[in-house]
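Given next are the chains, with one letter for each unit.
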Number of protein chains: 2
Amino acid sequence: MSTVIAPSINTPQEDAEALRKAFEGWGTDENTVISILGHRTSHQIQLIRKSYEDIYHEDLVKRLESEIKGDFEKAVYRWILEPADRDAVLVHVAIKSGKNYNVIVEISSVLSPEELFNVRRAYINRYKHSIEEDLAIHTSGHLRQLLVGLVTSYRYTGDEINAKLAQSEAEILHESVKEKKGSHEEAIRILTTRSKTQLIATFNRYRETHGGSITKKLLDEGSDDFQKSLYTTIRCFNDHVKYYEKVVRDAVKKIGTDEDALTRVIVSRAYTDLKNISDVYYKRNSVLLEHVIAKEISGDYKKFLLTILGWWHL
Amino acid sequence: MSTVIAPSINTPQEDAEALRKAFEGWGTDENTVISILGHRTSHQIQLIRKSYEDIYHEDLVKRLESEIKGDFEKAVYRWILEPADRDAVLVHVAIKSGKNYNVIVEISSVLSPEELFNVRRAYINRYKHSIEEDLAIHTSGHLRQLLVGLVTSYRYTGDEINAKLAQSEAEILHESVKEKKGSHEEAIRILTTRSKTQLIATFNRYRETHGGSITKKLLDEGSDDFQKSLYTTIRCFNDHVKYYEKVVRDAVKKIGTDEDALTRVIVSRAYTDLKNISDVYYKRNSVLLEHVIAKEISGDYKKFLLTILGWWHL
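Residues numbered from 1 in each chain as written. Chains lettered and ligands numbered in written order. Predicted model: local features only at pLDDT ≥ 70, side-chain atom pairs only at ≥ 80, totals over all residues. Heavy atoms only, no water.

*Asks:* Would you mind showing me how to read the overall build of chain A here?
*Replies:* Helix and strand counts for chain A come out as 19 helices and zero strands. Relative to the globule expectation of 20 Å for 314 residues, the C-alpha radius of gyration of chain A, 21 Å, shows essentially globular dimensions. In terms of its C-alpha atoms, chain A occupies a principal-axis envelope of roughly 65 × 45 × 35 Å. Within chain A, buried positions represent 53% of all 314 residues. Within chain A, residue pairs in contact and separated by at least 24 positions form 68% of the contacts whose partners lie at least 6 positions apart. By element, 51% of the accessible surface of chain A is carried by carbon and sulfur atoms, the whole surface being about 14100 Å². One way to put it: in chain A the 45 positive side-chain charges average out to a point 4 Å from where the 47 negative ones average out. (Helix = DSSP H or I, 4+ residues; strand = E, 2+ residues; numbered from the N terminus. Rg over C-alpha atoms; globule rule 2.2 N^0.38 Å. Buried < 20%, exposed > 50% of the residue type's maximum accessible area, 1.4 Å probe, protein only. Contact = heavy atoms within 4.5 Å. Areas by Shrake-Rupley, 256 points an atom, 1.4 Å probe, with all protein chains shown as cover. Lys, Arg positive; Asp, Glu negative; His and termini not counted. Charge placed at Lys NZ, Arg CZ, Asp CG, Glu CD.)

Written out as structure tokens, the structure reads:
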């Protein structure tokens, strides 16, 4: 159940040549594509892309797009981009779709401030607009304030906590959550500017004083996009591994499976905490995540995700 | 009237030793301090700071603070910090004072997106808070939205312009400026997210359609901090050299002189467009900026500013 990708012993050139061979002739040799790309680190894949371009004067990403299709293609595409570039694509898709604001919240709240800034840079390089520019035009009111504030944040990452502040701001959040229809500007200020450590102290303070998690009162039948995003923000800061476990759980629970969400979590977290997410999933559901995935999806898409998870051996 | 600082032929070690000698004995040899620091580039000064620390195990900045005082000290202090660090200090002072929001607008709108991001990084290193964190707690409503939006922006810097957008957004700005008391959220969105090139196209479009500059209607007797900041934002994007000329003009016109503003412009723009600001000043006032400064201020402070301007030779 390891998610550690062992460094390849092939050179980038050898991998590029093997991929080229897999594309040639009638049809694509998907097994080779899966076996190579699914067993390489992001850095190795960037070297393979470069080698491929140097040898064949062709963009590997574009070639893959024409060779494979469906959820498999989407997963491979997200996998072979550099992390910041991939997240820029995910944010762009979320903005354009006008829903899935949770993807934007997730990337803004889980990444480190420097990583988030790299996503903003990658987004501008790709789309000639800033994230906040596209996001602000597609949203308004409190939702805009929250999402733009999250995405443009550059937070303090040190350990210093202000305990008094945690207490007073826990009360501000309480008012905002309780009132619901009142002014949420102060809650937005807190969530978009305070450091992660400070926010966790504030959430803990809330739990002590009000005897329950702050998210409990936030999500009910009538929740709008703003309240849902507020909820996701707090969950991501509090414990993003638990949050991702829930995303995966919901994705496989659905009739038809939510492939986009499943791919997103597996591809985005493979290098960091996919193992933890997988462990929490097992604890919560008493089923191995790999077994559920093997049952719910199929074909090359299934082989590829299970390869990333270290459970498929070609 | 050149503002070009010629590279020094002394080594950083020699400069560090000369400064140390200037501090020793009874009183400080201010002329040496002015002659060395006023003739070095920012990069050279950083090397001198390092040499000084290596040789004397003492922070040059702290030593200077104890050796000199008043407006002279303030000017030297701002001069010897790295530009991003100096701007972080300026932003911090402006936030704490609860006025001078124009300094925040200036830094956010005149610097390149990468430079602005470096200021945010320097601010966090120095104060263990983010700029937006401190700024948001000291402001509210539209003023907060505008200033936080400006400071956290990371804009597209390419040449691509959307002409249709320039036209429609010129009308949005018109509504916001005309109404004044209406909702300004869309005007804030435009000014905090669009690229500089796009904004200038929008302002030009406004001028063509409404026969006058957009700033004309913004500033009158009853303007509040938000309207003043809106005004400064537009002026900084439109033509920041003209804007800085006005800051300097107002600074020296005052009874008593506004030393903070004067120092800020001269020290911040010395490496880039102080020569242009000085030219525009001459065109507008038919007096050389150096002459006015020589008349309005005195002592070591005067010698130091004129040295930066290339007009004082010790």
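On we go from here.
*Asks:* Please explain the nonpolar core as it appears in this structure.
*Replies:* Counting residues in each nonpolar core, the largest one holds 93 residues, and the members touching the most others are L37(B), L64(B), W79(B), I104(B), L262(B) and F304(B). Sorting elements by how many residues they give to this core places helix 15 (residues 240-253) of chain B first, with seven residues. Excluding residues within four positions of it along the chain, L262(B) makes contact with V248(B), A251(B), V252(B), T257(B), I293(B), I297(B), Y301(B) and L305(B). Judged by nonpolar contacts, the second largest core, of 51 residues, contains A16(A), F23(A), C236(A) and V248(A). (Core = buried A, V, L, I, M, F, W, Y, C linked by side-chain atoms within 4.5 Å.)

*Asks:* Is there a simple way to explain the packing of helix 5 (residues 70-80) of chain A against helix 19 (residues 299-308) of chain A in this structure?
*Replies:* The axes of two packed helices give the description: the angle between them and the distance between them. All names here are of chain A. Contact geometry of helix 5 with helix 19 gives a least axis separation of 8 Å together with a crossing angle of 30°. Of the possible angle classes, the one that applies to helix 5 and helix 19 is roughly parallel. Here helix 5 runs over helix 19; the crossing is left-handed. Residue-level contacts link D71, F72, A75, V76 and W79 of helix 5 to D300, Y301, F304, L305 and I308 of helix 19. Tallied by class, the residues present in the contact of helix 5 with helix 19 amount to eight nonpolar, no polar and two charged. (Axes fitted to C-alpha atoms, helices over the stretch in contact; angles between N-to-C directions. Parallel < 35°, antiparallel > 145°, perpendicular 65-115°, else oblique. Left-handed = near helix turned anticlockwise from the far one by under 90°. Nonpolar A, V, L, I, M, F, W, Y, C, P; charged D, E, K, R; others polar.)

*Asks:* Hey, could you run me through the UniProt feature "binding site: Ca(2+)" (unreviewed entry) in chain A in this one?
*Replies:* All names here are of chain A. Mapped onto this numbering, the UniProt entry gives "binding site: Ca(2+)" (unreviewed entry) at F23, G25, G27, E67, K254, G256, A294 and E296. Sequence-wise these annotated residues cover 274 residues; spatially they are dispersed, their C-alpha atoms as much as 38.1 Å apart. Turning to its location among the elements, G25 is positioned in the loop between helix 1 (12-23) and helix 2 (30-37). Judged by relative accessible area, G25 falls into the exposed class, the value being 67%. (UniProt positions renumbered as here; feature names shortened; annotations may be inferred.)

*Asks:* I'm lost on the packing of helix 2 of chain A against helix 5 of chain A in this one. Help?
*Replies:* All names here are of chain A. Where helix 2 contacts helix 5, the two axes come as close as 12 Å, and the packing angle between them is 30°. Classified by the interaxial angle, the pair formed by helix 2 and helix 5 is roughly parallel. Helix 2 and helix 5 meet at a crossing whose hand is left-handed. Taking contact as the criterion, the partners of E30, V33, I34 and L37 in helix 2 are, on helix 5, F72, V76, W79 and I80.

*Asks:* In this structure, what is going on with the relation of the copies chain A and chain B? I would like to understand it.
*Replies:* In summary, the two copies of the chain are related to each other by a rotation about an axis coupled with a shift along it. Overlay of chain A on chain B (RMSD 0.0 Å): rotation 180°, translation along the axis 0.0 Å. Within this description, the copies of the chain are treated as partners about a two-fold rotation axis. Residues of chain A ranked by C-alpha distance from the rotation axis are headed by T152(A), positioned 2.8 Å from it. Of the residues that chain A buries at the interface, 100% are likewise interface residues in chain B, meaning the two copies contact each other through the same surface. (Least-squares fit on C-alpha atoms with pLDDT ≥ 70 in both.)

*Asks:* Would you mind going over the interface of chain A and chain B with me for this structure?
*Replies:* Where interface size is quoted, it is often the accessible area lost as the parts come together. With 28 residues of chain A in contact, the opposing surface of chain B contributes 28 residues. Between chain A and chain B, a total of about 2600 Å² is buried, with carbon and sulfur atoms accounting for 53% of that surface. For the chain A face of the interface with chain B, the top three residues by lost area are E133(A), Y154(A) and Y156(A), together amounting to 24%. Summed over the shared surface of chain A and chain B, the result is six salt bridges. R144(A) is the partner of E186(B) in a salt bridge, and the nearest nitrogen-oxygen pair spans 2.6 Å. (Buried area = accessible area lost by both parts, 1.4 Å probe. Salt bridge = Lys/Arg side-chain N within 4 Å of Asp/Glu carboxyl O.)

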